[in-house]
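Results of the structural survey
If you want the building blocks of each chain, they are given just below.
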Amino acid sequence: MDSEHRAPLKIHLVSAPDSPEFAHLARALTRSSVVALDAEWKPARGPRPLPAFPTVTLLQLACRPPPRAAAAAAAASEEEPAVFLLDLSSVPLPSVWELLRDVFASPDVLKLGFRFKQDLVYLSSTFCAQGCDPGFDRVEPYIDIMGVHNILRQKQSGRKTAKVSKSLSAICEELLGYSLSKELQCSDWSQRPLTEEQKEYAARDALCLLEIFSVFQAKIINEGKFLNGDAVLHSDRMNLGLKEVLKEPDTCSAILRIKSVEALHILRTTTAKFPHGIVTVDEASFRSSFRSTEPMDEALLPVVRKFGEKILLKESDRRPKASKKKGRKRSSLNSFSKEERETFDEWQGPAPWDISTGGDGCPKFLCDVMVEGLAKHLRCVGIDAAIPHSKKPEPRELIAQAHKEKRVLLTRDAKLLRHEYLLQNQIYRVNSLLKNEQLLEVIGAFQLEISEDDLMSRCTKCNGRFIQKPLSTEEAVEAAKGFQRIPSCLFDKNLQFWQCMDCNQLYWEGTQYHNAVQKFIDVCKLKE
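Residue numbering note: each chain is counted from 1, following its sequence as written. Residue-level local features of this predicted model are given only where pLDDT is at least 70; pairs of side-chain atoms are given and counted only at 80 or more, and the full residue set underlies all totals for whole chains, interfaces and linings. Computation of side-chain values: all heavy atoms of the structure, hydrogens and water removed.

1. Overview of the overall build of the protein
Strands here mean DSSP runs of E at least two residues long; helices mean DSSP runs of H or I at least four residues long; both are numbered from the N terminus. Broken down by element type, the protein carries 18 helices and 13 strands. Note on classification: 1.4 Å probe, protein chains only; a residue is buried when its accessible area is under 20% of the maximum for its type, exposed when over 50%, partly exposed between these limits. A burial count over the protein gives 44% of its 528 residues as buried. Note on contacts: a residue pair qualifies if any of its non-hydrogen atoms lie within 4.5 Å across the two residues. A separation of at least 24 residues holds for 69% of the contacts in the protein among residues at least 6 apart in sequence.

Okay, structure coming up:
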């Protein structure tokens, strides 16, 4: 009875160089016009003895096939982008180093990322440590999704606006209509095997970059700015030699790299007119270091020429830097005594809802943004679980809300634990990473009693209670006018509808409801 879920992804896990998935990856990289990149590594917990870069254990690559291959791809049922998870802890790094290096620097493949420079630094360090020196020093051509978002904001407002820094999840919600769950961002990516939830999270992180870029590219094409502009090579410019093109002033950009792309495009066009082709020494040396890739799509060229960038790593980027904040107090669990840490990890009552302290005996929780997914799970088993009033609450706001509503604040944020003195017996640190495990942890820590009758007894959208008397189909259709659509296939079924008293959301006992009930019966082991 929750919001609709997106279709499951087809994910290719590459864990051996002699596997079919590896061959598929190599083939996809040589045929793709756009490749989205992301990386995962084990998060650092506690101080490191020496400055060091983390070891990248997973590289995600989402490959978009070129439009001219759409018909062939459709025939093979592979018209959707292919998403690969390259397991760097299993695949020998020398076997993929050359392949990745060529793709990163290939002028025929546009690379997408989200603040990917840090990922590239860590990735290069990981490969150098395995003898693949000098690692990776460039990604070109490259477009950062953060920059794409700021360009779209300016186009929407029609004027120059200040650049903003948003999370990838927030950008997805704004441009694609869905948000990314970041609960697994800090999970241990060095453990094997990866869970299905980790695979889905990692694949979505890369795939959404392609989806955001598609929105951006469609916007640019629809505006038609490149139809008669610098995207089309005019006949008078075709008569220029390469030397003249590189010298010619350009009002759009004075970057030599862009000039080189234009010159290369002229060379390709000229070569096509000759049956035996024309190969210059410069072009041969330029191409010799790259694998055979298909030329960049014509539709991409204007976008790359106007918005393309490059990531270049300097020697200073390759050296880990020691933290300069030596005197700053740590805001982590390590700064607490052993006795203090135990009080956060093990609940010691009484809880604020305890009858002995004047409570009503009904467990109530407040889940901060780091365990917001846990709130929905708690609601599904009938537990009162609220979320912060604002999207980015300050610690004092969370404390005030928990104190006013007599709730226990659930969090994974070590910084919030410093305010324990303001919330006696009202803050608990959740240790588990996955939502099902978090649910069981909270049930066990607070000795909550869950019955089958409690399942799906709260609104998963707002935490409200349902009306006492169910609605008929006719009453539900009337109540849903203006904000919710009741599927017509339900009209002939004798169903009862339940409405939330707070947000008016309507629910019914359909397939999704029964699946959810069965899921939490299994998770909570209610049949045992």
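2. Description of the nonpolar core
Counting residues in hydrophobic clusters, the biggest one holds 40 residues, and the most contacted among them are L110, L112, I143, L168, F213 and F216. Elements with a minimum of two residues in this core: β2 (34–41), β3 (56–64), β4 (82–87), β5 (110–113), α5 (145–157), α6 (168–175), α7 (196–223) and α12 (301–307). Of all the elements, α7 adds the most residues to this core, at 12 residues. Contact partners of L168, with chain neighbours within four places excluded, come to F114, L180, D205, C208, L209 and I212. In plain words, nonpolar cores are sets of buried Ala, Val, Leu, Ile, Met, Phe, Trp, Tyr and Cys residues tied together by side-chain atoms within 4.5 Å.

3. Brief notes about the pattern of salt bridges
Pairing is possible between side chains that carry opposite charge, provided their charged atoms lie close to one another. Only one rule defines a salt bridge in this text: a Lys or Arg side-chain nitrogen within 4 Å of an Asp or Glu carboxyl oxygen. Tallied over the entire structure, the rule returns 11 salt bridges. Ionic pairing is found between D317 and K117, a salt bridge with its closest N-O pair at 3.6 Å. With D317 in the loop between β7 (309–312) and α13 (338–345) and K117 in helix α4 (residues 116–129), the pair connects residues that are 200 residues apart, well separated along the chain. With a relative accessible area of 13%, D317 lands in the buried category. The exposure class of K117 is partly exposed, given its relative accessible area of 37%. Across the salt bridge formed by R458 and D384, the nearest N and O atoms sit 3.8 Å from each other. Highlighted residues: R458 in the loop between α16 (435–445) and α17 (473–479) and D384 in strand β9 (residues 384–386), separated in sequence by 74 residues. Here the residues in one salt-bridge network are D384, E405, R407 and R458, joined through shared partners.

4. Overview of the environment of D384
In this structure D384 comes out as buried when scored by relative accessible area, which is 13%. Sequence separation of D384 and G464 is 80 residues, and the distance between their C-alpha atoms is 8.4 Å. In terms of polar contacts, D384 uses its side chain to reach the side chain of N463, at 2.5 Å. Two N or O atoms count as a polar contact when they lie within 3.5 Å, although within protein this holds only if one can serve as hydrogen donor and the other as acceptor, and sequence-adjacent residues are included solely when both atoms are side-chain atoms.

5. Describing the sheet that holds β2
In this scheme, strands are said to pair when DSSP sees at least two bridges between them. With respect to topology, 7 strands assemble into an open sheet ordered β1-β4-β3-β2-β5-β6-β7, the strand pairing being mixed. Sheet topology places β1 (11–14) and β7 at the edges, where each strand pairs with a single neighbour. Neighbouring strand axes in the sheet, compared pairwise and without regard to direction, differ in orientation by 35° on average. In this sheet, strand β6 (residues 138–144) lies alongside β5 in parallel orientation, the contact comprising 3 bridges. The residue of β6 that forms the bridge with L112 is I143. With axes taken as lines fitted to C-alpha atoms, and helix axes fitted only over the stretch in contact, angles between N-to-C directions fall between 0 and 180 degrees. The sheet strands contacting α5 are β5 and β6, and the helix crosses β6 at an angle near 30°. Strand contacts of α7: β1, β2, β3, β4, β5 and β6, with the helix running at about 35° to β3, the strand carrying the most contacts.

6. Observations concerning the sheet that holds strand β8 (residues 364–367)
Judged by pairing direction, the sheet is parallel, and its 4 strands sit side by side in the order β9-β8-β10-β11 without closing on themselves. Looking at strand neighbours, the two that pair on one side only are β9 and β11 (427–429), the edges of this open sheet. Ignoring strand direction, the axes of neighbouring strands in this sheet form an average angle of 30°. The sheet contact formed by β8 and β9 spans 3 bridges and is parallel. By the bridge assignment, L366 is partnered in β9 with A386.

7. Quick look at helix α14 (residues 372–380)
In terms of burial, α14 is largely enclosed, as 7 of its 9 residues are buried. Within α14 the residues assigned to the buried category are G373, L374, A375, H377, L378, R379 and C380. Summarising the contacts, the buried residues of α14 are in contact with β8, β9, β10 (408–411), α16 and α18 (511–523).

8. Some words on unusual backbone geometry
Cis peptide bonds are those with omega within 30 degrees of zero, and the linkage from D133 to P134 qualifies with 15°. Locating P134 in the fold gives a position in the loop between α4 and β6. Geometrically, the link from E140 to P141 is a cis peptide bond, its omega value of -10° lying close to zero. Looking at the secondary structure, you find P141 in strand β6. Despite not being glycine, R115 shows a phi value in the positive range, around 50°. Tracing the sequence through the fold places R115 in the loop between β5 and α4. A residue is classified by how much of its surface remains accessible, and R115, at 42% relative accessible area, is partly exposed. Phi at K406 takes a positive value of approximately 55°, unusual for a residue other than glycine. Mapped onto the elements of the fold, K406 is located in the loop between α15 (395–404) and β10.

9. Notes on the side chain of D38
Relative to the assigned elements, D38 resides in strand β2. A relative accessible area of 12% places D38 in the buried class.

10. A short note on the packing of α6 against α7
The contact between α6 and α7 brings their axes to 11 Å, and the two run at 45°. One element, α6, and the other, α7, form an angle in the oblique class. Crossing of α6 against α7: the hand is left-handed. Taking contact as the criterion, the partners of L168, I171, C172 and L175 in α6 are, on α7, D205, C208, L209, I212 and V215. Roughly parallel covers angles under 35 degrees, roughly antiparallel covers those over 145, roughly perpendicular covers 65 to 115, and oblique covers all other angles. We call a crossing left-handed when the near helix sits turned anticlockwise from the far one by less than a right angle, and right-handed when that turn is clockwise.

11. Examining the side chain of H12
Position of H12 relative to the elements: it lies in strand β1. Leave out the neighbours within four places in its chain, and H12 touches H24, A82, V83, F84 and L85.

12. Thoughts on the pairing of β5
Side chains L110 and L112 of β5 all project onto a buried face; the interleaved residues K111 and G113 project onto the opposite face, where all are buried too. Across 3 bridges, β2 lies against β5 in parallel orientation. What sits directly across from A36, in β5, is L112. Between the parallel elements β5 and β6, the chain passes through α4 in a crossover that is right-handed. Seen with its strands pointing away from the viewer, a crossover is right-handed when the path leading from the first strand over the helix to the second is clockwise.

Treat this as a map of the structure, not an account of what it does.
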